[in-house]
Amino acid sequence: MAFVQAVGGTRYVFPDLRTLLARATPLRSGDVLAGVAAETALERVAAQRALAELPLRHFLAEAVVPYEADEVTRLIQDRHDAAAFAPVAHLTVGGLRDWLLGDAATSEALAALAPGLTPEMAAAVSKICRLQDLVAIAAKCRVTTRFRNTIGLPGRLSIRLQPNDPVDDPRGVAAAILDGLLLGAGDAVIGVNPATDNIDNTIRLLELLDAVRDRYAIPTQSCVLAHVTTSLLAIERGAPVDLVFQSIGGTEGVNRSFGVSLALLREAREGALSLRRGSIGDNVMYFETGQGSALSAEAHHGCDQQTIEARAYAVAREFQPLLVNSVVGFIGPEYLFDGKQITRAGLEDHFCGKLLGLPMGVDVCYTNHAEADQDDMDALLTLLGVAGVTYIMGVPGADDVMLAYQSTSFHDGLYLRAALGKRPAPEFEAWMERMGIEAASGAGELPGRMAPALVGLS
Amino acid sequence: MTVPPAPPGGDGAGPPTPAAAPARWTELRRFTAARVALGRVGNGLPTAAHLDFQEAHARARDAVHSGLDHAALEADLAPLGLPLARVASQAPDRRAYLLRPDLGRRLREADRARLPAAPGAFLFVVADGLCATGVQAQGPAVIAAALPLLRGLGVEVAPIIIADQARVALGDDIGGAMGAAIVAMLIGERPGLTALDSLGLYLTYAPRRGRTDAERNCISNIRPGGLSPGQAAEKLAWLTNAAMQLGETGVALKDEQPTAFLLPPA
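Owing to the predicted nature of the structure, the values given are computational and were not obtained by experimental measurement.

Let's talk about the overall build of chain B
Check the secondary structure of chain B and you find 8 helices and 6 strands. Sequence-ordered secondary structure for chain B, helices as α and strands as β, is α-α-β-α-α-α-β-α-β-α-β-β-β-α. A total of 266 residues make up chain B; the buried ones form 47% of that total. For chain B, the proportion of contacts with a sequence separation of at least 24, taken over those separated by at least 6, is 71%.

Some words on the UniProt feature "binding site: adenosylcob(III)alamin" (unreviewed entry) in chain B
The residues that UniProt annotates with the feature "binding site: adenosylcob(III)alamin" (unreviewed entry) are Val 168, Glu 189 and Cys 218 of chain B. For the annotated residues, spread through 51 residues, the largest C-alpha to C-alpha distance comes to 11.6 Å, consistent with a single compact locus. Topologically, Glu 189 of chain B is positioned in the loop between strand S4 (182–188) and strand S5 (199–205). Setting aside residues up to four positions removed in sequence, Glu 189 of chain B forms contacts with Ala 404 of chain A together with Gly 129, Leu 130, Cys 131, Gly 134, Ser 198, Leu 199, Gly 200 and Ser 220 of chain B. Positionally, Cys 218 of chain B belongs in strand S6 (residues 216–222). When neighbours within four sequence positions are excluded, Cys 218 of chain B is seen to be in contact with Gly 200 and Tyr 202 of chain B.

Describing the sheet that holds strand S6 (residues 189–192) of chain A
Residues and elements named next belong to chain A. Reading across the sheet, the 4 strands line up as S7-S6-S5-S12 and stay open at both edges, with parallel pairing between neighbours. Strand pairing shows two members of the sheet lacking a second neighbour, strand S7 (222–224) and strand S12 (391–394), which therefore form its edges. The average angle at which neighbouring strand axes cross in this sheet is 25°, direction not considered. With 2 bridges joining them, strand S5 (residues 158–161) and S6 adopt parallel strand pairing. Its bridge partner being in S6, Arg 160 is matched across the sheet by Val 189.

A short note on the nonpolar core
Counting 237 residues, the largest nonpolar core has Leu 123, Val 125, Leu 186 and Leu 201 of chain B as its most contacted members. Excluding residues that lie within four positions of it along the chain, Leu 123 of chain B makes contacts with Ala 118, Ala 158, Ile 161, Gly 175, Met 178, Ala 180, Ile 182 and Val 183 of chain B.

Quick notes on the UniProt feature "binding site: adenosylcob(III)alamin" (unreviewed entry) in chain A
Look at the UniProt record and you will see "binding site: adenosylcob(III)alamin" (unreviewed entry) annotated at Pro 194, Gln 246, Ser 296 and Met 402 of chain A. Its location among the elements puts Ser 296 of chain A in helix H16 (residues 293–296). With respect to the helices, strands and loops of the structure, Met 402 of chain A is situated in the loop between strand S13 (399–400) and strand S14 (405–406). For Met 402 of chain A, the residues in contact, after removing those within four places along its chain, are Asn 164, Asp 165, Pro 166, Asn 193 and Ala 195 of chain A together with Asn 221 of chain B.

Considerations on the confidence of the model for chain B
One rule of thumb: low pLDDT means the predicted coordinates there are not for detailed reading. All names here are of chain B. Averaged over chain B, the pLDDT score is 89; the fraction of residues at 70 or greater is 89%. Within the model, the stretch residues 8–18 combines pLDDT values under 50 with 23 contacts to residues more than four positions away or in other chains. Both scores are available for the predicted complex, with the pTM at 0.88 and the ipTM at 0.95.

Quick look at the sheet that holds strand S10 (residues 323–326) of chain A
All names here are of chain A. Judged by pairing direction, the sheet is parallel, and its 4 strands sit side by side in the order S8-S9-S10-S11 without closing on themselves. Each edge of the sheet is formed by a strand with only one pairing partner; in this case those strands are strand S8 (244–247) and strand S11 (360–362). Shown here is a sheet whose adjacent strand axes are inclined to one another by a mean of 20°, direction ignored. The pairing of S8 with strand S9 (residues 285–289) spans 4 bridges and is classified as parallel. Residue pairing in the sheet places Ser 247 in a bridge with Glu 288 of S9.

Focus on the environment of Gly 226 of chain B
Checked against the element boundaries, Gly 226 of chain B lands in the loop between S6 and helix H8 (229–246). Counting along the chain gives 31 residues from Gly 226 of chain B to Ala 195 of chain B, while the straight-line C-alpha distance between them is 9.4 Å. Apart from the residues lying within four places of it in its own chain, the contact partners of Gly 226 of chain B are Pro 166 and Val 167 of chain A together with Ser 198 and Asn 221 of chain B.

Let's talk about the pairing of strand S3 (residues 160–164) of chain B
Residue and element names in this part refer to chain B. Here S3 lies mainly inside the structure; 4 of its 5 residues are buried. The pairing of strand S1 (residues 84–88) with S3 spans 5 bridges and is parallel. Bridging across to S3, Val 87 finds its partner in Ala 163. Two strands pair when backbone bridges link them, and strand S2 (residues 122–127) and S3 are joined in this way by 3 bridges, in the parallel orientation. Note on S3: the bridge partner recorded for Val 126 is Ile 162. Where the polypeptide runs from S2 across helix H6 (residues 133–152) and back to S3, its parallel neighbour, the crossover connection is right-handed.

Some thoughts on the packing of helix H11 (residues 170–182) of chain A against helix H12 (residues 199–215) of chain A
All names here are of chain A. One can describe the packing of H11 onto H12 by two numbers: an axis separation of 11 Å at closest approach and a directional angle of 35°. By crossing handedness, the relation of H11 to H12 is classed as right-handed. Facing Pro 170, Val 173, Ala 174 and Ile 177 of H11, the residues of H12 in contact are Arg 204, Leu 205, Leu 208 and Val 212. A per-class count over the contact of H11 with H12 returns 7 nonpolar, no polar and 1 charged.

Definitions and cut-offs
Residues numbered from 1 in each chain as written. Chains lettered and ligands numbered in written order. Predicted model: local features only at pLDDT ≥ 70, side-chain atom pairs only at ≥ 80, totals over all residues. Helix = DSSP H or I, 4+ residues; strand = E, 2+ residues; numbered from the N terminus. Buried ≥ 20, exposed ≤ 12 C-beta atoms within 10 Å, placed from the backbone. Contact = placed C-beta atoms within 7 Å. UniProt positions renumbered as here; feature names shortened; annotations may be inferred. Pairing = 2+ DSSP bridges. Axes fitted to C-alpha atoms, helices over the stretch in contact; angles between N-to-C directions. Core = buried A, V, L, I, M, F, W, Y, C linked by C-beta atoms within 7 Å. pLDDT = per-residue confidence, 0-100. Right-handed = clockwise from strand over helix to strand, strands pointing away. Left-handed = near helix turned anticlockwise from the far one by under 90°. Nonpolar A, V, L, I, M, F, W, Y, C, P; charged D, E, K, R; others polar.

What follows is the structure in structure tokens.
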């Protein structure tokens, strides 16, 4: 179905829904690279006006990626909850934006609505939101998940402790973990990206993380962010797998490029559940996403990268994850050119994830070939904090010495919690108090209960 | 390293306090190059640590725009006794390279016809990637260490191709054009703050344009303080042997090589 919009005496025609969504997307390099971006600022506004007038019901009739060709589209359509959709079924995209900003959209109403929204609806409304709308609406969303602690409660901000090491040296990993714990990080997960996706190395890291967690008696979960097939192998070999990690995307093709399918993710979740390692909950999956991965795999089907990103959240929510985060600035300047584009994308991803019912965190980050710096990260971090981001990353000094990019530091987490009056997950907060961490922080000596020798650092 | 066994008689509220003198936070720096034990002013970084970071970022920004020194690279590769050929991707300059990765994955058409045929051979491509520093410094040493191991596997090695403005997948396009059995793409990794000199190695069986990331194996962080050229060569030979037996690379080829050598001596 074609959409026509006149603006300033010019008539713009958008041949189908995916084109309309792409042309309505605020400017970013990845959509220009894909050849789907609006040619002019006025064409973009014309698309936004046309999109605002589009009834939400239209999204149930026209898929942006064909149903027959794509298992993610089938998942989205087959899982759509018409009863949950009913309260907004009469609205247009513009009407949904107004409704979301209004008083009727309480935390409870938004949680009830989530299964009734498709990713494309969420993406569409985000395209006609300013940053403050993305912040204000997301701040009303509540998503709570559990494994060994409780993630996502109001007034809380969790942090993934990311103790990566260039050669997976257990001592380097342990030292970074200890540094992070002492600065209040680790309540979301202690999660290592392995330098090499190797089964023996993965098991060694899993055993290390489990031993550190056990030795300090930390109420948190661990994860080695290996490929899902490596984690399955580790489970088979009896390794202590808390969370199974996987990078995912919003089309069958991009997932194939990652070496996964919905069936494989289902198998992985069942494997992790079979270990029954969660003490207070069974959210066992951890997913990462990021705008641009589909184009990178040439599996974007002519869609803009933000719409495809939102579709990845439909994949994620199928598996009831403990944690999901966009790695927003990791992919590079060909997808998000500068700090402005990274900032907008980070807030869009968080907004769409939350609207669709996910425990959404963001890796506030950039690479050295992007036009961005620490000032951009401070701004995005603060905006996300106000938006109620579920968790952020914690990397020693913001410098990931293995993945060669800059994320947020342990200090950044402390800053954000203090600036906004946020606290760690309650179980973790009580543990920090027991261990004497808050009282000791800033001093040069470590509390006795956190002695490095307890984890082999001596 | 192993975590020592838990001391007996824990009180259930955390481990007992050792009697030894309290450890200093700064001792953690002995175990990692990561920015640990930076200190804290309020919740912020002390001034010196903050400015250290700013300097490292400035260096990395400059490194992104560094290119291969061809004369030096060819001189370093010459003793290996293999013919050399030079190609470029379709990205005309650095800005285009950064904004158009699709161009960086495709061989310039004028170069395609000039490539030597090497049917069934093992192909090394040495490429600038996002930062040429690491491949310039370590590429020749990795190939030198790998050649005897590959020949020990009975593998014939093709002429070495040097590529400018290259993305990882350019190796597949080059390998496909030459008819190579396997391509090892040695490419500069994007510069980090701590490592400006990191080399990545990507291995593709039956290379051709259109191969996906899931069809490659990767050895990353080849640099001083990371994997040495010798360790990278051993892993490359192990993966090559496994790929030839399996008839593919990628997620189907699990890296199950024992990894004790990855760790520095305890």
